[in-house]
Amino acid sequence: MRRYVSKIIACPLPFIKSNFFLVNCEVESYYASRESNSQGLVRSYLNGSLAKTYATSCATLSEDPSKDSPVSDMLIDSFGRLHTYLRISLTERCNLRCHYCMPAEGVELTPSPQLLSPNEIVRLANLFVSSGVEKIRLTGGEPTIRKDIEDICLQLSNLKGLKTLAITTNGITLAKKLPKLRECGLTSVNISLDTLVPAKFEFITRRKGHERVMDSINAAVDLGYNPVKVNCVVMRGFNEDEICDFVELTREKPINVRFIEFMPFDGNVWNVKKLVPYSEMLDTVAKQFTGLRRLKDHPTDTAKNFRIDGYCGSVSFITSMTEHFCAGCNRLRLLADGNFKVCLFGPAEVSLRDPLRLGADDDALREVIGAAA
């Protein structure tokens with residue numbers, strides 16, 4: 001799952017009305033007073049592709065935060081949103097071919113030399129964490145297929161100021177790697193699973209492995225992760241009849257089932273008829289389970305969270321299509337090739353790899369990031 005996932009299909013849906021891509025138009029003058037050699041390299045870089053990519057609006061940046069705040073200005077975007085959560089894609093490769101995510105033939109992969117090395121990942125992550133990022137999530141592709149994931153986790157978990165190191169995985173290889181990953185500082189686990197029926201799993205993923213995913217969920221519970229988050233994309237005609245079965249997973253175990261509205265991504269043959277809206281999913285659960293109550297959500301939560309009285313776990317709904325949550329978004333994204341994105345659904349990207357390899361120092365990199373945000 002790579003850049004093609006960010007190419008959202010044009011459709012008249014609520015979340016597309018907002019302008020995600022407002023940026024500071026003074027990209028070139030922003031660098032005019034910088035004099036170091038490394039910053040000069042970055043300035044030259046900005047005069048090219050970055051300036052063209054981001055000169056899309058003359059949005060006024062929000063007022064600077066308090067001088068006493070430990071958070072860098074580079075984490076505050078033109079809407080005044082504070083970004084303290086960084087998603088890092090470790091690889092473009094995946095060992096599944098889920099219908100809603102990837103074409104059957106896969107995607108064109110970036111050549112290995114153009115991907116970030118472990119040292120580059122850690123250096124950029126440290127830059128974000130030292131500027132105020134408190135949570136990092138490792139994603140892909142499928143992050144667990146990267147051979148050096150344990151070493152990367154260990155180095156990231158030791159970054160001063162990082163509070164949470166999470167992973168989102170399809171669970172195929174997680175069970176055997178999770179004990180070591182936990183030792184290396186992994187604090188939170190999200191596992192994707194869209195059906196509890198093995199045959200349907202093989203259909204949607206175009207691969208076998210349902211039992212291994214269930215083993216990974218149980219392994220995470222046994223290792224003490226609480227909650228273990230299970231992400232389920234709900235698609236009409238495929239798995240909407242399993243919603244209550246998924247809820248039952250939360251009865252005896254600390255599992256947070258997260259039902260996700262089916263979203264349009266380039267290559268997944270999205271159809272509005274497949275969309276099961278949050279209101280319908282919630283109604284299905286409320287009719288079957290008594291004692292369903294709403295929990296208090298954090299302002300940056302993408303999910304609406306519920307608990308059933310007497311159940312160990314919880315249930316959440318991610319309303320990407322029917323009730324967008326852009327106003328509270330605090331997420332930044334670093335792709336496996338070193339490209340930086342402020343919004344998953346936005347086409348705009350800027351390379352941090354290129355100035356990094358040109359010798360940019362941390363201050364110069366912060367300016368690239370700040371201009372993009």
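Residues numbered from 1 in each chain as written. Predicted model: local features only at pLDDT ≥ 70, side-chain atom pairs only at ≥ 80, totals over all residues. Heavy atoms only, no water.

Draft legend 1. Summary view of the sheet that holds strand E8 (residues 303-308). Strand order across the open sheet formed by 12 strands is E7-E8-E9-E6-E5-E4-E3-E2-E1-E10-E11-E12, with mixed pairing between neighbours. The open sheet has two free edges, formed respectively by strand E7 (292-294) and strand E12 (350-351), since each of these has just one partner strand. Where strand E10 (residues 331-334) meets strand E11 (residues 339-341), two bridges bridge the pair, whose relative direction is antiparallel. Along E11, the bridge assignment pairs Arg333 with Lys341. (Pairing = 2+ DSSP bridges. Helix = DSSP H or I, 4+ residues; strand = E, 2+ residues; numbered from the N terminus.)

Draft legend 2. Molecular detail of the packing of aromatic side chains. Enumeration according to the criterion identifies seven aromatic pairs in this entry. Taken together, a centroid distance of 5.7 Å and an interplanar angle of 40° make the contact between Phe128 and Phe340 tilted. Of this pair, Phe128 sits in helix H2 (residues 118-130) while Phe340 sits in strand E11, placing them 212 residues apart in sequence. Per residue, the accessibility class of Phe128 equals that of Phe340, and both read buried. (Phe/Tyr/Trp six-rings, centres within 6.5 Å; stacked < 30°, edge-to-face > 60°. Buried < 20%, exposed > 50% of the residue type's maximum accessible area, 1.4 Å probe, protein only.)

Draft legend 3. View of the side chain of Arg331. Its location among the elements puts Arg331 in strand E10. For the buried Arg331, no salt bridge exists, and the shortest N-O distance to an oppositely charged side chain is 5.8 Å, to Asp301. (Lys, Arg positive; Asp, Glu negative; His and termini not counted. Salt bridge = Lys/Arg side-chain N within 4 Å of Asp/Glu carboxyl O.)

Draft legend 4. Spotlight on the state of the cysteines. As enumerated under the stated definition, the model contains zero disulfides in all. The thiol of Cys184 is unpaired, and the distance to the nearest cysteine sulfur, on Cys153, comes to 6.5 Å. (Disulfide = S-S within 2.5 Å.)

Draft legend 5. Quick peek at the side chain of Asn256. Within the fold, Asn256 resides in strand E6 (residues 255-261). A polar contact is formed between the side chain of Asn256 and the side chain of Ser314, at a distance of 3.1 Å. (Polar contact = N/O pair within 3.5 Å; in protein donor to acceptor, adjacent residues only side chain to side chain.)

Draft legend 6. Quick peek at the packing of helix H4 (residues 174-183) against helix H6 (residues 210-222). Packing of H4 against H6 brings their axes to within 8 Å, and their N-to-C directions diverge by 25°. Classed by the angle they form, the pair H4 and H6 counts as roughly parallel. Considering the relative orientation of H4 and H6, their crossing is right-handed. Across from Leu174, Ala175 and Leu178 in H4, the residues of H6 making contact are Asp215, Ser216, Ala219 and Ala220. Residues of the contact of H4 with H6, tallied by class, amount to five nonpolar, one polar and one charged. (Axes fitted to C-alpha atoms, helices over the stretch in contact; angles between N-to-C directions. Parallel < 35°, antiparallel > 145°, perpendicular 65-115°, else oblique. Left-handed = near helix turned anticlockwise from the far one by under 90°. Contact = heavy atoms within 4.5 Å. Nonpolar A, V, L, I, M, F, W, Y, C, P; charged D, E, K, R; others polar.)

Draft legend 7. Here's a closer look at the nonpolar core. Phe128, Ile136 and Phe259 are the most contacted members of the largest nonpolar core, which totals 89 residues. Those residues in contact with Phe259 that lie beyond four places of it in its chain are Cys232, Val234, Ile243, Phe246, Val247, Met281, Val315, Ser316, Phe317 and Ile318. (Core = buried A, V, L, I, M, F, W, Y, C linked by side-chain atoms within 4.5 Å.)

Draft legend 8. Quick look at the pairing of E10. Residues of E10 alternate between two faces, with Arg331 and Arg333 on one and Leu332 and Leu334 on the opposite face, all of them buried. Pairing of strand E1 (residues 85-89) with E10, which is carried by four bridges, proceeds in the parallel orientation. By the bridge assignment, Ile88 is partnered in E10 with Leu334. Between E10 and the antiparallel strand that follows it, E11, lie four residues; Gly338 among them carries a positive phi value of about 90°.

Draft legend 9. Molecular detail of the pattern of salt bridges. Applying the stated criterion across every chain yields a total of 17 salt bridges. As a salt-bridge pair, Arg357 and Glu120 come within 2.8 Å of each other at their nearest N and O atoms. Taken together, the residues span a long stretch of sequence, with Arg357 in helix H9 (residues 353-357) and Glu120 in helix H2 at a distance of 237 residues. Residue Arg357 is classed as partly exposed on the basis of its relative accessible area of 41%. Between Asp241 and Lys200 there is a salt bridge whose closest N-O contact spans 3.5 Å. Taken together, the residues span a long stretch of sequence, with Asp241 in the loop between strand E5 (228-234) and helix H7 (243-248) and Lys200 in helix H5 (residues 198-205) at a distance of 41 residues. One connected set of salt bridges, linked through shared partners, spans Lys200, Asp241 and Glu242.

Draft legend 10. Just the environment of Ser320, in detail. Turning to its location among the elements, Ser320 is positioned in the loop between strand E9 (314-318) and E10. With 17 residues separating them in the primary sequence, Ser320 and Ala303 have C-alpha atoms 9.1 Å apart.

Draft legend 11. The pairing of E8, seen in detail. For E8, the buried fraction is high: five of the six residues fall into the buried class. The pairing of E7 with E8 spans three bridges and is antiparallel. The residue bridging Arg293 from the neighbouring strand is Arg307, located in E8. With four bridges joining them, E8 and E9 adopt antiparallel strand pairing. Pairing of Ala303 across the sheet is with Ile318, part of E9. Linking two consecutive strands that pair antiparallel, namely E8 and E9, is a turn of five residues; a positive phi of about 90° is found at Gly310 within it.

Draft legend 12. Representation of the environment of Thr250 in the model. Checked against the element boundaries, Thr250 lands in the loop between H7 and E6. In this structure, Thr250 is in contact with Ile255, Val257, Tyr311, Cys312, Gly313, Ser314 and Val315, ignoring residues within four places of it in sequence. Among the polar contacts listed, one links the side chain of Thr250 to the backbone oxygen of Val247, at a separation of 2.7 Å.

Draft legend 13. Seen up close, unusual backbone geometry. In this structure, the amide linkage connecting Gly140 to the following residue, Gly141, adopts the cis form with an omega of 10°. Mapped onto the secondary structure, Gly141 falls in the loop between strand E2 (135-139) and helix H3 (149-157). In this chain, Asn226 is followed by Pro227 through a cis amide linkage whose omega measures 0°. Tracing the backbone through its elements, the reader meets Pro227 in the loop between H6 and E5.

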